[in-house]
Structure formats: structure tokens, C-alpha cells
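# Structural characterization, general
Chain by chain, the residues:
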Amino acid sequence: MLGGYAGKLLKVDLSSGCIEPMELPEDVLRRYLGGCGLGAYLFGKFASPKDDPYAPHMPLMFLTGPLTGTPVLCSGRHSVVAKSPLTGIWGEASSGGKWGSTLKHAGFDGVIFIGRSEEPVYLLIDNGSAKLVDASQLWGLGTYETSDYITKRHGKDFVTSCIGPAGENLVPLACIISDGREARAAGRGGLGAVMGSKMLKAVAVRGNIAPPISHPEELRESVRELARMVARDGSGLREYGTSSGTVPLEASGDMPSKNWKGGRWQEGAKAISGMELSRLFLKKPTFCARCVIGCGRDIEITEGPYAGVSGAGPEYEGVALLGALSEVDDLAAICKANDLCNQYGIDVMSVGGVIAFAREAYEHGYLQDSGLDLSWGNADSMIELIEMITFKKGIGELLGKGVKVASKELGEETEEFAIHVKGMELPAHDPRAYQSVGLGYATSNRGACHLQAWSGIFENRATMPSLGYEQPLDRFSAEGKAKLVFDMQNLMSMFDSLSLCKYLIFGGVKVPTLVRWTNLVTGWSLDQDEFMEIGERTFNAKRLFNVQCGISSEDDILPKRILTQPKESGEAAGHLSQLDKMLPEYYSVRGWDDAGRPKPDLLHKLRMEQA
Ligand code: SF4
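Residues numbered from 1 in each chain as written. Predicted model: local features only at pLDDT ≥ 70, side-chain atom pairs only at ≥ 80, totals over all residues. Heavy atoms only, no water.

Turning our attention to the overall build of the protein. If you tally the helices and strands in the protein, you get 24 helices and 17 strands. Here the protein has a C-alpha radius of gyration of 22 Å; the compact-globule value for 611 residues is 25 Å, and the two agree. Seen through its principal axes, the protein has C-alpha atoms that stretch 65 × 55 × 50 Å. Taking all 611 residues of the protein together, 64% fall into the buried category. Restricting to contacts in the protein with at least 6 residues of sequence separation, those with at least 24 account for 70%. For the protein, the accessible surface area stands at approximately 20,400 Å², while carbon and sulfur atoms represent 48% of it. One way to put it: in the protein the 64 positive side-chain charges average out to a point 4 Å from where the 76 negative ones average out. (Helix = DSSP H or I, 4+ residues; strand = E, 2+ residues; numbered from the N terminus. Rg over C-alpha atoms; globule rule 2.2 N^0.38 Å. Buried < 20%, exposed > 50% of the residue type's maximum accessible area, 1.4 Å probe, protein only. Contact = heavy atoms within 4.5 Å. Areas by Shrake-Rupley, 256 points an atom, 1.4 Å probe, with all protein chains shown as cover. Lys, Arg positive; Asp, Glu negative; His and termini not counted. Charge placed at Lys NZ, Arg CZ, Asp CG, Glu CD.)

And the structure:
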């Protein structure tokens, strides 16, 4: 029996209520693994590139990888895949927590939803069985309340993944939240709205069926050897969370401020840092399944205007995009805003981007009659806007469509400061500070995303000798960046297909270890070349879907501000993205034609059905 897999997916037709198991041939699993990679394969079977993301026949998939639910470190993640209503192209989101490993232990590798229910429902998966349950009484509730209801009604061992009001209201920034108050988000691309369009409120899972492991003793030994090192190297993340990076990233010019036009924001960065978060509000770190790092934050605010906030605290992206991008340095207000995003089920990153866009529009004379003070640094309007976006009130309806659409509707002048790629708001890492980051944003399959390549860390402190990166590269040079982004997109595709946390890299986990763990779990004998080729295949499968959606080289671009306006101060001052130098070389390394399409011989080499 193939190790690591439960051996079946669930296919749920919400229109008919029919639930049936679905098996996949081993050859498909070996070529696409699981998570987002398998999603890209299944998209070829279930999704029509030209159709509306909300069309009932379009799929919404929750997928684990072969290492999910095994003893492998940091293996609790899962992926959600659907056509994105925010970008109109491939949509994927990876979530931490315990939901993924619990789904695997319930006996399933993933769930594919098609159709649309007439009434709100949730899917209850319990140790090998599954049924749809009426969710009328949950419709309108926040994500924490939804999770609480399900554990109270069905048992405390159930782990829930659900939408809040934003998903129900089909806000294109809506996300999916797992694990109750630990609030792990499948954040980007509006996939919560796809779930809402299907009238699917939640998927709750419980189980104790461990997947088979091909070489359990050797795996346990290998994991034990590395656990101490990963825990040691992750101690900073455990103590201060991912926002421990706020001060150094601001200093390096990586953290943007004032809708990407600001320079240094030194005092603000200190005020919203992970150190301050721990000092003021941290109750304890939280851990995804099998994690020894614990970067999650469980916080509580007990006094002041935001007293009562209790649950998951903001990560780096949250403090940087809600805080620095709008010059809001009130950490308690950011925690409140982050908490609202979690409970309403809305992507904190895109919300941060669209609020900063609204402030600059306001500065230029737009949005004057909204009733809000949208001046830089105003925390009250941030909180009000999250409410308005979620419930489509006033300008919230426009802003909830994302920066790209909001800018189009407001007028051409606003394009100057509409910061997005393919309709996705940028993460808080500046392409002017790290050349490979810009190329990664321009070519990421889901629109601006730092994690699809995560190449910036290899221009800073990380190395990957087995791929030829013995030393970090010069961050301001374009040289070698096409190859770096190619390699790291393929590698990060593997993390997302195995459903592993990428912070393992900071714990010293390199490609040979990933290959070894995959083989020990599955029983295969992949070598590094075959392993990396799977990453290349899955990346190209997503690109092919996007090409069929109409994406071409004309869309592999960066916002004008990043290409033409250097930062005025800080370490990255004077630098611009050199995308024009890197992109043609990248197409060549990838084996794509000048229009950005994978060439037929590449598809045949990768043994892709789409070829
Ligand atoms: S490092 Fe953080 S995101 Fe990664 S598995 Fe651990 S708790 Fe989850």
C-alpha cells in the first residue's frame, strides 16, 4: 500500500447532495503529489478556465499532501484551490493548523466540492464517513462562533474550516479560517467567497486513522534528529512570532510604508514589532500539527479601547500591511483589525493593501463623501472599513472588489498608486529591495505572492547548496535571479504539494531531507531530479490554466510605482526593480515562448496531460 496517502478523496456534489469516494492512480500521485500540485492536475479535470469562479460546476478543493498527518515536522498544512474571484485566474491558498492532518486521520486525502446547495450546509467528516448537515442556524455567524457551535454540537475533537460573513456576502477578498480561535487562514484570492457561493459554511473533521508509513522507524529517527535543530533555530519565531522581522525588514528596505511610496518608518516598525506584541498581549505561542517552532500567537487585550480581543494575533504580513502600509502604529488597533478579519473571514493582506490604496485615493480627492477620515495613520477608519468591506456598506462594496477593480472604477489617475499584480495586492516585501522578489511577483501563478518563490531569503541569509546556492546572492543585482526564481518556484511548489511549512528552511531542512522524508513515507525512490521535476510540472500546470484564462507576458508585470519610483530613504533607496532584464531570461530558463506560454516540448518532457 502506498504510504502517506489515505487512498481516497471525497467528491461532494452540493447540488444533488451526492457524496462519493474517488481514487487516483499512483502514477498521478507520483507526478503531482498532493496539495496545490494535485489541485493543478484535478483542475484539468473539473474546472473550465473561461467560466465564472462562482458557477456551480466550478470546483472548490481542500487537499492534503502525502506527508500530512505523518510524523514529519511541520506537516499539518493543507491547500485550498479554486478559480479566484479576485483575480479571475488560478487561485490557491495554503493554511496551517491541524485541520489538514485531522482530515487525513479521518481517512481522506482531500475533498472536492462541486455544485451549489439550495440552503446553507456544512460537511461533517467523522472517521471515514461524511454527511451534509443543515447550516441555516450558522449562516451569518463569525468563524469563531461557527467553530464553537460545531464542537459543542458534535464533539470537541472536531476541527473546523469555515467562512464568516465576508464569504457569505461573496466579497472577493474573503478567506477560509481553520482551527477556531487559532485562526489559520487559507487567505489569498477570495476562496472564501467561492465557498460562500456554494452555500457551504464549514467543513468539520475528526479522525484517528493514521495513514500508512512505508519506513516508520527510519522516518521517526530522521525526524528526531532534526527536531532539536529546527526547534532551536525557530526559537525567535516562537518567542516573538513572524512579526519579529518587522524592525530588520524595515531597516533593509523590505517592509513597505505609505502605500509603497514611503521611505523609512523606523519608530513605527518598533511600535508594531513582534517584541511589542509579545510584551503587551501574548498569552502563548501556538503550533500547527507536528510543529516544533510555534510561530502562531495567542493574544489577549484586557484594557483600553480594544479590550476583549482574544484569539490569534497578527503575523508579520498583518502588522506590515495593516500598519506600515497605512502608517498606523497603534498595535492594539492592528490586533483588533486582525481579529475582525479572522472572525469575518477576510484576507488581512489584501485588506491592508486596499485600505492603503483608499488612503492615497483620499489624499488625491477621491472618496471624500465616505464619512470616514482616511488620513494616513488613522486607526479608526481602518476598523470601520473592515466592517464596511465585509458587509458591502458604502465604499466598502467597491473596496471589497480589490485594488485593481476599485482603481478602474475610480478612474485612470488612481492606476498610478494601485499596487497589485494580476489583481492580487502585494505582500509586504519590496521588489526594490530584493530583485528576485519582483520577478517572483510578476510570474507567480496566483498574482503577487512572495511565498510561491520565497526567493528573497536566498538574497539575504538562506542557502540551498544542493541546488547550487552556497551563499546568498547580491540582492540589488539582477544577475542569476531568473534561475533563482525558477529553482525556488519549483521548490516552493513542492512544499505546497507536500503541504509542509516553509519555515523548515530556517531550521536547516534542505532538499535532500525533503526527498528522504518523501521516500520514507511513500515508499518511492525519488531522486532530487525527479523531486524537483514534480515542482516544475505543477508550476507549469497552473501556468497552463492561467494561459487558458487569457494570461500572457503582458500580465507578467509589476505596478508602475515599483518600476519607476525609487524609495527616498533607507538601505534600498535609489533602487528599482529590473524586471525587464530578468523576465526574458526567466522565460528562456522556464522553456516558455515570448508570450509566456509553456512550449509543447517542455510539456512533453514533463509528461503533462495538458500537452
Ligand atoms: S512554523 Fe508556524 S506556520 Fe509553520 S508549522 Fe509551525 S506554527 Fe505553523
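Resuming the write-up.
This brings us to the nonpolar core. Counting 166 residues, the largest nonpolar core has Leu42, Met382, Leu491, Trp517 and Phe531 as the members making the most contacts within it. Residue contributions to this core peak at 10 residues, all from helix H14 (residues 348-363). For Phe531, the residues in contact, after removing those within four places along its chain, are Leu491, Met494, Leu498, Val511, Leu514, Val515, Thr518 and Leu526. Formed by 27 residues, the second largest nonpolar core is a distinct cluster that contains Ala93, Trp99, Val111 and Met195. (Core = buried A, V, L, I, M, F, W, Y, C linked by side-chain atoms within 4.5 Å.)

Once that is clear, we can look at the domain arrangement of the protein. Along its sequence, the protein is carved into domain 1 (9-206), domain 2 (234-425) and domain 3 (435-605). Averaged C-alpha coordinates put domain 2 and domain 3 at centres separated by 26 Å. The interface of domain 2 with domain 3 comprises 27 residues on the first partner and 25 residues on the second. In total, about 2,000 Å² of surface goes out of reach between domain 2 and domain 3, with carbon and sulfur atoms giving 57% of it. Three residues, Glu416, Val421 and Lys422, lead the burial of domain 2 against domain 3; their summed loss comes to 31% of the area buried on that side. Along the contact surface separating domain 2 from domain 3 lie 3 salt bridges. Glu360 serves as the salt-bridge partner of Arg561, at 2.7 Å between the closest nitrogen and oxygen. In this assembly, domain 2 and domain 3 are joined by 11 residue pairs in polar contact (both at pLDDT 80 or more). Elements represented by at least two residues in the side of domain 2 that touches domain 3 include exactly helix H9 (246-252), H14, strand S16 (420-421) and strand S17 (424-425). (Domains from an automatic or database assignment. Buried area = accessible area lost by both parts, 1.4 Å probe. Salt bridge = Lys/Arg side-chain N within 4 Å of Asp/Glu carboxyl O. Polar contact = N/O pair within 3.5 Å; in protein donor to acceptor, adjacent residues only side chain to side chain.)

Inspection of every chain in the model, using the stated rule, returns 15 aromatic pairs. Seen in terms of ring centroids, Phe539 and Trp592 are 6.4 Å apart; in terms of plane orientation they differ by 15 degrees. Their pairing is stacked. On the criterion of sequence distance, the pair formed by Phe539 in helix H21 (residues 528-548) and Trp592 in the loop between helix H23 (579-590) and helix H24 (600-605) is long-range, its members being 53 residues apart. Per residue, the accessibility class of Phe539 equals that of Trp592, and both read buried. Taken together, a centroid distance of 6.4 Å and an interplanar angle of 55 degrees make the contact between Tyr586 and Tyr587 tilted. Residues Tyr586 and Tyr587 agree in their burial class; the two are buried. (Phe/Tyr/Trp six-rings, centres within 6.5 Å; stacked < 30°, edge-to-face > 60°.)

The next point concerns the side chain of Ser222. Structurally, the position occupied by Ser222 is in helix H7 (residues 216-233). Judged by relative accessible area, Ser222 falls into the buried class, the value being 6%. Sequence-distant contacts of Ser222, that is, excluding residues within four places in its chain, are made with Arg516, Trp517 and Leu520.

Looking now at unusual backbone geometry. The phi dihedral of Ala183 is positive, around 45 degrees, even though this residue is not glycine. Looking at where Ala183 falls in the secondary structure, it is placed in the loop between strand S10 (176-178) and strand S11 (184-186). One non-glycine residue with positive phi stands out, namely Met199, at about 60 degrees. Considering the arrangement of structural elements, one finds Met199 in the loop between helix H6 (191-197) and strand S12 (200-206).

What follows concerns a negative patch on the surface. Negative charge collects at one region of the surface, where Asp329, Asp330, Asp373, Asp380 and Glu384 lie side by side. On the accessibility criterion, Glu384 (42% relative accessible area) is partly exposed. (Patch = residues over 30% accessible without salt bridge, like charges linked within 9 Å, V, L, I, M, F, W, Y side chains within 5 Å.)

We now examine helix H19 (residues 481-498). For H19, with 18 residues, the first-to-last C-alpha span of 25 Å sits near the 26 Å given by 1.5 Å per residue. Extensive coverage of H19 is indicated by the burial of 17 of its 18 residues. (Expected span 1.5 Å × (residues − 1).)

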